[in-house]
Amino acid sequence: MLATAAVVWLLARLIADGASRDGTSAPAASASAPASGSGSASPTASPAVPSLWPRPEKVTPRAGSVPITATVRLLADASTDRPTLDTVTRALTSAGQVRVEQGGEAAAGDLLVSVSSDGSRGALTGLGVPGPAGLPSGGYVLATGRAGGRPQAVLAGADPLGAFYAAQTLAQLIRPVGAATAARVLPVVTVRDRPATAVRGVVEGFYGTPWSEQQRFEQLDFEARFKLDSYLYTPKADPYLRDRWRDPYPPARLTGLARLTARARADHVTFVYALSPGTSVCYSSARDVTALEAKFQQLWDLGVRDFAVPLDDIEIGHWNCPADTARYGSGHGAVGRAQADLLNRLQRDFTATHQGAAPLLTVPTEYDQLRSSAYKSALADRLDPAVTVAWTGPLVVSPTVTGAQVRSARSLYRHPVLVWDNFPVNDYVPGHLLLGPYEGRSADLPAAAAGLLVNPMNQAAASDPAIFSAAAYSWNPAGFRPAAALDAGLAALAGGDPGKLAALRAFADVNHDSRINGTEAPGLAGLIAAYRHGRAGAAQALRARLDLLAGAPAALGAVLPGAGPWLSAAAEAARACLAALSPGSPRVRVTRRTVHDFRGRAVPLHISDHVLLPLAASP
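Description of the structure in this document. (Residues numbered from 1 in each chain as written. Predicted model: local features only at pLDDT ≥ 70, side-chain atom pairs only at ≥ 80, totals over all residues. Heavy atoms only, no water.)

**Some details on the sheet that holds strand S7 (residues 185–193)**
To be explicit about the condition: Only strands joined by at least two bridges in the DSSP assignment are considered to pair. Put simply, DSSP marks the helices as runs of H or I at least four residues long and the strands as runs of E at least two long, and each gets a number from the N terminus on. A fitted line through C-alpha atoms serves as each axis, taken over the contacting stretch for helices, and the angle formed by two N-to-C directions is quoted from 0 to 180°. Contacts were defined at the residue level, with two residues in contact if any of their heavy atoms lie within 4.5 Å.
One open sheet accounts for 7 strands, arranged S1-S7-S5-S6-S4-S2-S3; its pairing is mixed. Looking at which strands have only one partner, the edges of the open sheet turn out to be strand S1 (58–67) and strand S3 (99–102). Taken pair by pair, the neighbouring strands of this sheet meet at an average axis angle of 25 degrees, ignoring direction. Relative to S3, strand S2 (residues 71–76) is paired through 4 bridges, and the arrangement is parallel. If you follow Val72 over to S3, its bridge partner there is Val100. Against the sheet, helix H4 (residues 160–174) touches strand S4 (111–116), strand S5 (140–147), strand S6 (150–157) and S7, its axis set at about 55 degrees to S5.

**Thoughts on the sheet that holds strand S8 (residues 200–204)**
Strand order around the closed barrel formed by 8 strands is S8-S9-S10-S11-S12-S13-S14-S15, with parallel pairing between neighbours. Direction aside, the axes of adjacent strands within the sheet are offset by 25 degrees on average. Both strand S9 (residues 230–233) and strand S10 (residues 270–274) contribute to a ladder of 4 bridges, which runs parallel. Considered in S10, the bridge of Leu232 is made with Val272. The sheet strands contacting helix H5 (residues 213–225) are S8 and S9, and the helix crosses S9 at an angle near 155 degrees.

**Quick notes on the packing of helix H17 (residues 538–550) against helix H19 (residues 564–580)**
Heads up, the rule is: Handedness of a crossing is defined here by the sense of rotation of the near helix relative to the far one, left-handed for an anticlockwise turn of less than a right angle and right-handed for a clockwise turn. Here the term charged refers only to Asp, Glu, Lys and Arg, the term nonpolar to Ala, Val, Leu, Ile, Met, Phe, Trp, Tyr, Cys and Pro, and the term polar to all other amino acids, Gly among them.
One can describe the packing of H17 onto H19 by two numbers: an axis separation of 7 Å at closest approach and a directional angle of 145 degrees. The interaxial crossing formed by H17 with H19 has left-handed handedness. Each of Arg543, Leu546, Asp547, Leu549 and Ala550 in H17 lies in contact with H19, whose residues at this interface are Ala570, Ala571, Ala574, Arg575, Cys577 and Leu578. Of the residues contributing to the contact of H17 with H19, the split by class is 8 nonpolar, no polar and 3 charged.

Right under this line is the structure:
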């Protein structure tokens, strides 16, 4: 986290040579609008097609417009579910003074919205638009225009999931990402779209304080808005997942999980329940297998159909019972065989006997790198071919992951490989917020993998820009641009408030560095470099940026709950830097100021217009 020591160090190094400049010329440039995420309309089209996120596979704008009339008629086939219809209705009524009526005949001039979820062309015929035939699950066609003089919007999904995603795209046509208000006019456009990989989502798999129920609800809703379809539940601090994995959930906890799984279903997000017995399991114990199956059954009765058994972060050379030593012997290969036997029994006796259950997912004890080992070979040889293996990339936190590396991992494990991407998780650097871009992932990775899940931070809302970026990447990697996606993710958080967006950009910049990109505060560094070189307006631009950081707690406290200590530290450091830049200060006057780091610890500084150095380091 750069708000104290690193920012102060950076400013000290760069301001020292130029602090006597007044620099009151040209004003700082205003914050730019979020970068476009889709093709724009032709010059004659009105209104223009807004940026759509994730970026669709194909957007074809045409001239003209479609009004959202005071009364809208909504028609849907029998396959379309209630969450999709609710999404369409909320989007339409967000424009204000709009009444949506379902079924019946539309009056002349009223907007007709048709939704189909069975893969047919349906009402697209009247608009002369091809249907969703040939698109995978989650694919859809959305078209607006006029048929027989009547304004229409048609949402045709390859399946119910595709229709739901079409509804999310309609919502963005009405109120684009980062817009303050909804539009009353739709562009005439055809969107043909599909996901690049079938499994895209979030794994709540970090150490430390888990998310609250409300934070999980909000994250599931966020996933739905931006077309993520999976949520793997495995917070390390849930005792019933790890230390007390044998114990059944008590009624109160089971009721909470029921609410969570119901919310996931409404959001078209697959809830994956991950039970981690590795710290104490006896692989050869029939009683432990029965305990695992009983725990799965509790979740099955809540409607969960996807299960995982992570065996990560355990001591690979340690058996938990003498029976395993007697049965499997010693060595890492023995552990691979033992784990394969356990997973095979669960796959055979639980997953295969429960109609509708997805194949099992596991996280192996050796879950990174591309080196062969006795453990990996034994696991690959013995594991049921239906089981998917999660892999974090070449490293636990991988700066880059490519499709070629995924294919190598697939050959190594000889099973389908899902990428468990440890970004923006910060449990290994709890003093940092990781708000930089999601990058270093090749365009061919999603097609090579069985899926992609990102592991977020303990701070749920602060994780949203990275989750947003991962959604954009995993849906359409060929059209993904890291900087544009990050900025749009910040705009989604700002909710149409330009002041909050400016503050978010400044705060994200000073929390930019991570294991996948170690660049520190690139925007602030550029402003300081310009100031050092005496460029016109540079001092004013630098002060404007520092003012944003100084005001960050007030501007962003409600936007980034849980980030208060980092916001306060950034603000204090920024105020200290502003003091060093104050015009008219005696050139040699040195004052003493104390700021606080994210833990609230005092960090004394020497401040003058020529020196800004910490007297005590902060980790």
